[in-house]
Amino acid sequence: MPANVEIKARIASVQALLPLAQALSDDKHLQRIHQDDTFFAVPRGRLKLRVFSNGAGELIHYHRPDAAGPKLSDYVLVPVADPDSLREALARACGLVGRVRKHRILALVGPTRIHLDQVEGLGDFLELEVTLHNGMSEAEGTAIAHALMARLGVAPGQLLQGAYLDLLRAQGATPA
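Residues numbered from 1 in each chain as written. Predicted model: local features only at pLDDT ≥ 70, side-chain atom pairs only at ≥ 80, totals over all residues. Heavy atoms only, no water.

Visitor: Sorry, what's going on with the sheet that holds strand 5 (residues 71–80) here?
Guide: Remark on secondary structure: sheet strands pair via backbone hydrogen bonds, oriented parallel or antiparallel. The strand order 1-5-4-3-2-6-7-8 describes a closed barrel built from 8 strands, whose pairing is antiparallel. Across the sheet, the axes of successive neighbouring strands diverge by a mean angle of 35 degrees, strand direction being ignored. Across the face of the sheet, helix 1 (residues 14–24) comes into contact with strand 2 (31–40), strand 6 (96–109), strand 7 (112–119) and strand 8 (123–131) while running at roughly 165 degrees to strand 7. (Pairing = 2+ DSSP bridges. Helix = DSSP H or I, 4+ residues; strand = E, 2+ residues; numbered from the N terminus. Axes fitted to C-alpha atoms, helices over the stretch in contact; angles between N-to-C directions. Contact = heavy atoms within 4.5 Å.)

Visitor: It is not clear to me how the packing of aromatic side chains should be interpreted in this structure. Could you clarify?
Guide: Aromatic ring pairs are described here by two measures, namely the spacing of the ring centres and the angle between the planes. Per the counting criterion, the structure on display carries 1 aromatic pair. Centroid distance Phe125 to Tyr164: 5.0 Å. Interplanar angle 55 degrees. Geometry classified as tilted. Remark: Tyr164 occurs in helix 4 (residues 164–170) and Phe125 occurs in strand 8; sequence separation between them is 39 residues. Each member of the pair, Phe125 as well as Tyr164, carries the same accessibility label: buried. (Phe/Tyr/Trp six-rings, centres within 6.5 Å; stacked < 30°, edge-to-face > 60°. Buried < 20%, exposed > 50% of the residue type's maximum accessible area, 1.4 Å probe, protein only.)

Visitor: Teacher, can you tell me more about the pattern of salt bridges here?
Guide: A side chain of one charge can pair with a side chain of the opposite charge when the charged atoms of the two come close. All told, the structure shown has 13 salt bridges when counted by the stated rule. Across the pair Asp37 and Lys102 runs a salt bridge whose closest N-O atoms are separated by 2.7 Å. Of this pair, Asp37 sits in strand 2 while Lys102 sits in strand 6, placing them 65 residues apart in sequence. The same class applies to Asp37 and to Lys102, which are both buried. Linking Glu127 and Arg104 is a salt bridge whose minimum nitrogen-to-oxygen distance equals 3.0 Å. One end of the pair, Glu127, is in strand 8; the other, Arg104, is in strand 6, and 23 residues separate them in sequence. Grouping residues by exposure puts Glu127 and Arg104 together as buried. Overlapping salt bridges, with partners in common, bring together Lys8, Arg104, Asp117 and Glu127 in one network. (Salt bridge = Lys/Arg side-chain N within 4 Å of Asp/Glu carboxyl O.)

Visitor: Please explain helix 3 (residues 138–152) as it appears in this structure.
Guide: Each α-helix winds once per 3.6 residues, and so residues spaced three or four apart point in a common direction. End to end, helix 3 covers 21 Å across 15 residues, agreeing with the expected 21 Å (1.5 Å per residue, within 8%). Along helix 3, the positions that sit buried rather than exposed are Gly141, Ala145, Leu148, Met149 and Leu152. Viewed along the axis of helix 3, the buried residues span an arc of 105 degrees, placing them on a single side of the element. Turned more than 90 degrees off the buried face of helix 3, the exposed positions are Ala139, Ala150 and Arg151. Here the buried face of helix 3 lies against strand 1 (3–10), helix 1, strand 6, strand 7 and strand 8. Just past helix 3, the residue Gly153 takes up positive phi, approximately 75 degrees. (Expected span 1.5 Å × (residues − 1). Arc of directions from axis to C-beta.)

In structure tokens:
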């Protein structure tokens, strides 16, 4: 099962961090992505349907502790041809928990995906996802995450627990 080590941090500005991320990136052409994530009620882990601006989608189930700092996340990702119909079916079957819309800039640095996110209703954030592949251990992934945090100037006090959905719900946002 695929896994990665993740961190999420609040940042002052995507634009301020963008030059650093681009300088670190293996490919200087960063990807800009609009994502619309719908979360569903499930008994274990989290289940979300992600829809991209081109209409493509993917269903993602994952387990990840709600802790600040680097944490292991294992996941299953399934491409979806008709995300709108699947959203309706899952909402009817499981119940809707909430929705997160964001504009993401993606930079790749070795095994790490740097996400610079502007989340509707929340503000600007950094996510690091260190993909664990070729026998890489969680400790190795954590070390890479810590090193990139330092290079990007992210302090431990900026790290967040949980998901964007949790932050929106804490503000009283309702499912949409």
